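Topology and contacts: notes
This is what each chain is made of:
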Amino acid sequence: MWINVPGLFALLSLTSMAGILIYAHYKDCDPLTNGDIIASDQLLPLFVMELLAFIPGLPGLFVACLFSGALSTVSSGLNSLAAVTLQDIIRSWIVKDLSEARATLASKIISFSFGLLMIALTFVAAQLGGILQAALALFGMIGGPLLGLFTLGVLFPCANWIGAIVGLFSGLIMAFWVGIGAQIIKPIIPRAPISIAGCPVDNSTNITTTLMSAIANVTTESSILEERPPIAAMYTLSYMWYSGFAVMVVVFVGLVVSAITGFTKPDEVDSKLICPLFDSLFCCLPASWRRKFRCGVKYDEDTIIPCCVHTDIFDTVEDSSLKPVPSVSKDFDTINGSVSAPPPSYTESTDIDRASETSSAKVTYETYM
């Protein structure tokens with residue numbers, strides 16, 4: 001996951017710089033207000049066609065890159081959906097003894113069906129505004145509650161299953177409420193100042209029409225602002241924060257419901273399923289403080305490695321008994337009729353040194369704990 005951070009940072013930086021350049025170019029002649037385009041997604045293609053159309057082949061290469069990126073994402077998504085549906089649903093529940101030939105045919109049919117569903121959903125996505133905004137909003141509304149559920153289970157051992165279920169459905173309801181409500185009652189998003197004063201016009205009729213449309217838009221926004229209900233303030237939450245909002249709802253509701261129905265007893269919790277968060281983040285705190293933050297869960301002390309201690313000192317020997325290494329031959333060569341002494345073996349000294357390292361590692365670990 002962390003390997004993608006440099007690439008993601010570079011991608012976000014390039015897209016942000018591209019947006020700044022487009023705004024600087026069109027700030028005195030907004031194509032959307034002037035009627036040159038019908039959606040903000042068309043700003044980048046228009047910018048490329050206006051500035052780089054004189055280079056032969058570059059506009060076509062730009063369009064090909066856009067389609068290749070979209071098709072690669074769609075194709076991988078279709079194959080993944082088909083494989084998961086085939087293995088986890090059809091072969092597990094419907095037809096368990098499905099042959100390979102029929103499985104291949106079923107995978108193709110499933111992929112084709114999901115493709116038709118994606119084409120149908122494009123008409124729905126067209127009503128949601130920008131494609132990127134719609135995708136991130138949908139991922140936040142669905143993925144946010146799931147992330148909150150895992151966060152509740154891993155970091156809070158006191159939560160029970162009732163709190164987890166109630167918190168999950170509460171997060172889903174709240175996330176979809178905010179997401180769908182933002183589509184019904186559109187939030188008024190403050191934008192950078194733009195104008196159409198620098199747009200070239202042919203005659204006075206175009207000037208009058210453009211100015212009247214701009215005045216009508218301002219009047220409409222003012223009337224909408226006055227008529228907005230009080231609950232509309234809830235829908236001003238950015239779609240980028242849907243996931244974080246859902247996580248907070250799931251964790252909060254899950255802990256409250258767990259407290260009402262009775263916290264899970266620490267003795268009933270499997271320590272392997274809980275992450276000792278404070279031992280990892282606040283490893284320099286005293287051991288007595290860190291034990292209090294474990295919420296009563298009894299961890300195996302040998303499995304907790306504080307970040308302040310080097311991990312190489314915990315490579316201890318499980319079996320402390322010294323076992324002699326069998327020699328290659330029981331008989332030794334005789335020289336002049338006498339038995340020669342066996343060659344010096346370093347097995348015992350090596351085992352003794354390893355045992356001493358083990359004891360020193362345990363002493364060092366206890367000093368940190």
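Everything below is about the structure printed above this text.
Residues numbered from 1 in each chain as written. Predicted model: local features only at pLDDT ≥ 70, side-chain atom pairs only at ≥ 80, totals over all residues. Heavy atoms only, no water.

1. Structural notes on the overall build of the protein
Scanning the protein for helices and strands turns up 12 helices and two strands. For the protein, the succession of helices and strands along the chain, N to C, is α-α-α-α-α-α-α-α-α-α-α-β-β-α. Expressed as a percentage of the 369 residues in the protein, the buried residues total 21%. Partitioning the contacts of the protein with sequence separation of at least 6, the portion at a separation of at least 24 is 74%. Accessible area of the protein: about 26300 Å², with a carbon and sulfur share of 69%. (Helix = DSSP H or I, 4+ residues; strand = E, 2+ residues; numbered from the N terminus. Buried < 20%, exposed > 50% of the residue type's maximum accessible area, 1.4 Å probe, protein only. Contact = heavy atoms within 4.5 Å. Areas by Shrake-Rupley, 256 points an atom, 1.4 Å probe, with all protein chains shown as cover.)

2. Observations concerning the state of the cysteines
Applying the stated criterion across every chain, the model contains one disulfide. One disulfide bridge connects C29 with C199, the sulfur atoms lying 2.0 Å from each other. Looking down the S-S bond of the C29 and C199 bridge, the torsion is 115°, so its handedness is right-handed. Taken together, the positions of C29 in the loop between α1 (4-26) and α2 (31-34) and C199 in the loop between α7 (161-184) and α8 (204-227) put the pair 170 residues apart, joining distant regions of the chain. (Disulfide = S-S within 2.5 Å.)

3. Examining the environment of G171
Within the secondary structure, G171 sits in helix α7. Sequence separation between G171 and M248 is 77 residues; the distance between their C-alpha atoms is 8.2 Å. Apart from residues no more than four positions distant in its own chain, G171 is found in contact with P145, A246, V249 and V250.

4. Focus: the nonpolar core
Counting eight residues, the largest nonpolar core is built from A137, M141, A175, V178, A182, Y235, Y242 and A246. Contributions of two or more residues to this core are made by α6 (131-155), α7 and α9 (242-261). In this structure, A182 is in contact with P187, Y235 and Y242, ignoring residues within four places of it in sequence. Ranked by size, the runner-up nonpolar core spans seven residues in total, among them A82, L98, A103 and A106. (Core = buried A, V, L, I, M, F, W, Y, C linked by side-chain atoms within 4.5 Å.)

5. Comments concerning the side chain of T85
Tracing the backbone shows T85 in helix α4 (residues 58-94). Among the residues examined, T85 registers a relative accessible area of 17% and is labelled buried. In this structure, T85 is in contact with I90, I110 and F114, ignoring residues within four places of it in sequence.

6. Concerning the pattern of salt bridges
What the rule picks out here adds up to two salt bridges. Across the salt bridge formed by D28 and K27, the nearest N and O atoms sit 3.3 Å from each other. Under the relative-accessibility criterion, D28 is labelled partly exposed at 40%. Across the pair E100 and R91 runs a salt bridge, and its minimum N-O distance is 3.4 Å. (Salt bridge = Lys/Arg side-chain N within 4 Å of Asp/Glu carboxyl O.)

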